[in-house]
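Results of the structural survey
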Amino acid sequence: MENDVTTAAATTDYQISGDGYLLIGWCALTLLFCLPGNTLVLVASMKYKAIKLDKVATILIENIAVADICVALFTVLPRMISAIAEKWEYGCTVTSLATIIFPGVSIQLIVALNVSKLTCLLFPLRARTRTYTQGRIIAVSLWSGILLLVSVLEIVPFITLGEPCTASTSIVTICAT
């Protein structure tokens, strides 16, 4: 009889709410489409040279795929695991940084891709002379710019408040107390 009480108590402690199921479902759906889809883009682009665009656009598309895979692995997956476990198991600052860096890089790369396509439309003869090196420079500068921006924004509370970045001073707070 005592064993039945212990089992009943263990099962009632672990109940996911309706919102939890919705969050887990959205996270699972995102992972289901994001990881294979972006991996397919990378394989098709790098191994089979299947993306027949100008060199700069190809580099930007590959970097968008990498940024999206990072979003799935470093923000969506930990969020889904924490929803299943009903507690936050990951560091606040690291996850906060990942929540800003990877979507920010992805958005900036999409903007750069649109500007690149506009440049190709406005100056069609110059589009033929663009190189992979130019695409790499654009991609590295966008990744570096976002990393620098986030680093500065996360260090400012430490300098001004004299305390390390916590959930209360971070620019993004996703931690549960």
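Since the structure is predicted, the reported quantities are computational estimates derived from the model, not experimental observations. (Residues numbered from 1 in each chain as written. Predicted model: local features only at pLDDT ≥ 70, side-chain atom pairs only at ≥ 80, totals over all residues. Heavy atoms only, no water.)

1. Some thoughts on the pattern of salt bridges
Opposite charge on two side chains allows them to pair when their charged atoms are near. Which entries qualify depends on this criterion: Here a salt bridge means any side-chain nitrogen of Lys or Arg lying within 4 Å of a carboxyl oxygen belonging to Asp or Glu. Secondary structure elements are taken from DSSP: a helix is a run of H or I of four residues or more, a strand is a run of E of two residues or more, and numbering for both begins at the N terminus. Buried, partly exposed and exposed residues are distinguished by accessible area as a fraction of the type maximum, computed with a 1.4 Å probe on protein chains only: under 20%, between the cut-offs, and over 50%, respectively.
Evaluation of the coordinates by the stated rule reveals 2 salt bridges. D54 is the salt-bridge partner of K117, the closest N and O atoms lying 2.9 Å from each other. On the criterion of sequence distance, the pair formed by K117 in helix α4 (residues 92–122) and D54 in the loop between α2 (18–46) and α3 (55–85) is long-range, its members being 63 residues apart. For D54, a relative accessible area of 14% puts it in the buried group. Taking the shortest distance from any N to any O, the salt bridge between R130 and D54 comes out at 2.4 Å. Separated by 76 residues along the polypeptide, R130 in the loop between α5 (124–127) and α6 (132–161) and D54 in the loop between α2 and α3 bring together distant segments of the chain.

2. What about the environment of Q108?
This is how it is decided: Every residue pair with non-hydrogen atoms within 4.5 Å of one another is taken to be in contact.
Assignment of secondary structure puts Q108 in helix α4. Between the C-alpha atom of Q108 and that of I146, which follows or precedes it by 38 residues, the distance is 8.7 Å. Every residue in contact with Q108, bar those within four places of it in the chain, is listed here: L142 and I146.

3. What about a nonpolar patch on the surface?
Applied cut-off: Without a salt bridge and with relative accessible area above 30%, a residue can belong to a patch; like charges are then joined within 9 Å and nonpolar side chains (Val, Leu, Ile, Met, Phe, Trp, Tyr) within 5 Å. Computed with a 1.4 Å probe, the accessible areas rest on the Shrake-Rupley method; for each residue, only the protein chains presented here act as cover.
On the surface, L22, W26, L29, L32 and F33 cluster together to form a nonpolar patch covering roughly 590 Å² of accessible area. One can find F33 in helix α2.

4. Topic: the confidence of the model for the chain
What counts, and what does not: The predictor's confidence in any single residue is recorded as pLDDT, a number from 0 to 100.
Taken over all residues, the pLDDT of the chain has a mean of 82, while the share at 70 or more is 78%. Considering only residues more than four positions removed or in separate chains, one finds that residues 169–174, a stretch of pLDDT under 50, has 19 contacts.

5. Looking at the state of the cysteines
We count it as follows: Cysteine sulfur atoms are paired as a disulfide whenever they come within 2.5 Å of each other.
Under the counting rule described, the total for this entry stands at 0 disulfides. Not engaged in a disulfide, the cysteine C34 finds its nearest cysteine sulfur in C70; these two sulfurs lie 9.6 Å apart.

6. Some points on the nonpolar core
Rules: Take the buried residues of types Ala, Val, Leu, Ile, Met, Phe, Trp, Tyr and Cys, join any two whose side-chain atoms come within 4.5 Å, and each joined set is a nonpolar core.
Core analysis: the biggest nonpolar cluster contains 30 residues, and L60, I101, F102, V105, L109, L113 and W143 have the highest contact counts within it. Of all the secondary structure elements, the ones that give two or more residues to this core are α2, α3, α4 and α6. If one sorts the elements of this core by residue count, α3 sits on top with 13 residues. Ignoring anything within four residues of it in the chain, the contact list for L109 reads L60, N63, I64, A139, L142 and W143.

7. Considerations on the packing of aromatic side chains
The following threshold applies: Stacked, edge-to-face and tilted are the three classes for Phe, Tyr and Trp ring pairs, Trp counted by its six-membered ring, which pair at centre distances within 6.5 Å; planes under 30 degrees apart are stacked, over 60 edge-to-face, the rest tilted.
The tally for this structure, following the rule as stated, stands at 2 aromatic pairs. Their ring planes at 25° and their centres at 5.5 Å tell us that F74 and F102 sit as a pair that is stacked. Highlighted residues: F74 in helix α3 and F102 in helix α4, separated in sequence by 28 residues. Residue classification places F74 among the partly exposed positions, given a relative accessible area of 43%. Aromatic side chains F102 and W143 sit 6.3 Å apart centroid to centroid with 65° between the ring planes, which places their arrangement in the edge-to-face category. One end of the pair, F102, is in helix α4; the other, W143, is in helix α6, and 41 residues separate them in sequence. The exposure class assigned to F102 is buried, which follows from its relative accessible area of 15%. Taking the relative accessible area as the measure of exposure, W143 reaches 17% and is therefore buried. Cluster of aromatic residues (ring-pair linked, three or more members): F74, F102 and W143.

8. Considerations on the environment of I138
Take I138: it is sitting in helix α6. On the basis of relative accessibility, which here comes to 31%, the residue I138 falls in the partly exposed class. In contact with I138, not counting residues within four places along its chain, are V56, L60 and A112.

9. A short note on the packing of α2 against α3
To keep it simple, the criterion reads: Fitting a line to C-alpha atoms yields each axis, with helices limited to the stretch in contact; the angle taken between N-to-C directions then spans 0 to 180 degrees. Convention used here: angles under 35 degrees read as roughly parallel, angles over 145 as roughly antiparallel, angles from 65 to 115 as roughly perpendicular, and any remaining angle as oblique. Crossing handedness is defined as follows: a turn of the near helix away from the far one that is anticlockwise and smaller than a right angle gives a left-handed crossing, while the clockwise case is right-handed. Residues are grouped as follows: nonpolar covers Ala, Val, Leu, Ile, Met, Phe, Trp, Tyr, Cys and Pro; charged covers Asp, Glu, Lys and Arg; every other residue, Gly included, is treated as polar.
Orientation of α2 relative to α3, taken along the N-to-C sense of each, is 155°, at an axis distance of 9 Å. On the basis of their axis angle, the class for α2 and α3 is roughly antiparallel. Considering only the axes of α2 and α3, their crossing is left-handed. Of the residues contributing to the contact of α2 with α3, the split by class is 21 nonpolar, 5 polar and 3 charged.

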